[in-house]
Amino acid sequence: MTGETREPSGETAEPLVAGLLLAAGGGRRLGGRPKALLPYRGRPLVENAVRVLREGGCAVVHVVLGAAAGRVRELAELPGCVLVDNPDWAEGMGSSLRVGLASLEAAGPVDAALVSLVDQPGIGPAAVARVRAAYRSPDALAAASYEGRRGHPVLFGAARWAGIAAGAVGDQGARDYLKAHRDAITLVDCSDVAEPYDIDTEADLVHLE
């Protein structure tokens, strides 16, 4: 794996908020087409998701792969990213979140993870930048909101990772953890700069055209 790390931060250093892209889904309701490889503007969808994180201010990006991981590595251009395979991707998003947080933990000093999903191309750099700017401390919890509803991206301060990973099972991801700590979440309204639709079914593919 290749990626970027930094020296331990000093008191005046800007916090390192790393992008964590969950891109392991197999596209079960899309006829088994891995979401990372869905065509978007002539390139694999995963490339767009990485670009969004980088343009939103995440210089360090870890990408969790699962379904057709070998093909994604072969076909997608993801220079500078840390690519992490999740052999248990079929268990659901929770396993990918655990793998991704463990990868960030092992990579070196990171202050927070900004988690995004590969199948939300309506969420662009502006939303990433807003949520990233909500970091205040290692205990930070922040999430984009759309018309008052919590969505992605989500920011987890490093002090939260162990608790989040412990409860990340099945397709729940961090949902239960966030419900249990909802009073600590900073909601960042992104309704004016992003659309939080998912590419889950054949009908959703219209968003990729």
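In what follows, the structure referred to is the one given above.
This is a predicted model, so every value here is computed, not measured.

A. View of the overall build of the protein. Each helix and strand counted, the protein has six helices and nine strands in total. A compact globule built from 209 residues would reach a C-alpha radius of gyration of about 17 Å, and the protein, at 16 Å, matches this within 12%. For the protein, the residues scored as buried account for 50% of the 209 residues in total. Put simply, 70% of the contacts in the protein that link residues at least 6 apart link residues at least 24 apart. Put simply, the protein shows about 9900 Å² of open surface, and 50% of that area lies on carbon and sulfur atoms.

B. Spotlight on the environment of Pro39. Inspection of the secondary structure puts Pro39 in strand β2 (residues 39-40). Taking the C-alpha atoms as reference points, Pro39 and Ala126, 87 residues apart in sequence, are found 23 Å from one another.

C. Inspection of unusual backbone geometry at higher detail. Here His152 and Pro153 are connected by a cis peptide whose omega angle stands at 0 degrees. For Pro153, the location among the structural elements is in strand β8 (residues 149-157). A positive phi angle, near 55 degrees, is found at Arg41, a position not held by glycine. Mapped onto the elements of the fold, Arg41 is located in the loop between β2 and β3 (43-44). Even without being glycine, Glu147 reaches a positive phi, approximately 50 degrees. Of note, Glu147 is situated in the loop between β7 (141-146) and β8. Residue classification places Glu147 among the exposed residues on the basis of a relative accessible area of 70%.

D. Local environment of a positive patch on the surface. On the surface, Arg150, Arg175, Lys179 and Arg182 cluster together to form a positively charged patch. Position of Arg150 relative to the elements: it lies in strand β8. What makes Arg150 partly exposed here is its relative accessible area of 36%.

E. The side chain of Asp204, seen in detail. Of note, Asp204 is situated in the segment after β9 (186-189). Only 2.9 Å separates the side chain of Asp204 from the backbone nitrogen of Thr201, close enough to count as a polar contact. Once residues within four sequence positions are removed from consideration, Asp204 is found in contact with Asp198 and Ile199.

F. Seen up close, the pattern of salt bridges. Inspection of every chain in the model, using the stated rule, returns 11 salt bridges. Put simply, Arg132 and Glu14 hold a salt bridge, and the shortest N to O gap is 2.9 Å. You can see Arg132 sitting in helix α4 (residues 125-132) and its partner Glu14 sitting in the segment before β1 (17-23), a full 118 residues away along the chain.

G. Quick look at α4. Burial in α4 covers these residues: Ala127, Val128 and Val131. Looking straight down α4, one finds that the buried residues subtend no more than 100 degrees of arc, so they occupy a single side. Tucked inside the fold, the buried residues of α4 contact α1 (45-55), β6 (112-117), β7, β8 and β9.

H. Region of the structure containing the side chain of Asp111. Here Asp111 shows up in the loop between α3 (93-107) and β6. For Asp111, a relative accessible area of 16% translates into the label buried. In this structure the side chain of Asp111 is engaged in a polar contact, spanning 2.7 Å, whose partner is the backbone nitrogen of Leu16.

I. Representation of the sheet that holds β7. Reading across the sheet, the seven strands line up as β5-β4-β1-β6-β8-β7-β9 and stay open at both edges, with mixed pairing between neighbours. In this open sheet, the two strands that pair with only one neighbour each are β5 (82-85) and β9. Taking each pair of neighbouring strands and ignoring which way they run, the sheet shows an average axis angle of 25 degrees. Contacts between α1 and the sheet are confined to β1, β4 (61-65) and β6, with β1 contributing the most and set at about 165 degrees to the helix. Against the sheet, α4 contacts β1, β6, β7, β8 and β9, and its axis sits at roughly 55 degrees relative to β8.

Criteria and cut-off values
- Residues numbered from 1 in each chain as written.
- Predicted model: local features only at pLDDT ≥ 70, side-chain atom pairs only at ≥ 80, totals over all residues.
- Heavy atoms only, no water.
- Helix = DSSP H or I, 4+ residues; strand = E, 2+ residues; numbered from the N terminus.
- Rg over C-alpha atoms; globule rule 2.2 N^0.38 Å.
- Buried < 20%, exposed > 50% of the residue type's maximum accessible area, 1.4 Å probe, protein only.
- Contact = heavy atoms within 4.5 Å.
- Areas by Shrake-Rupley, 256 points an atom, 1.4 Å probe, with all protein chains shown as cover.
- Patch = residues over 30% accessible without salt bridge, like charges linked within 9 Å, V, L, I, M, F, W, Y side chains within 5 Å.
- Salt bridge = Lys/Arg side-chain N within 4 Å of Asp/Glu carboxyl O.
- Lys, Arg positive; Asp, Glu negative; His and termini not counted.
- Charge placed at Lys NZ, Arg CZ, Asp CG, Glu CD.
- Polar contact = N/O pair within 3.5 Å; in protein donor to acceptor, adjacent residues only side chain to side chain.
- Arc of directions from axis to C-beta.
- Pairing = 2+ DSSP bridges.
- Axes fitted to C-alpha atoms, helices over the stretch in contact; angles between N-to-C directions.

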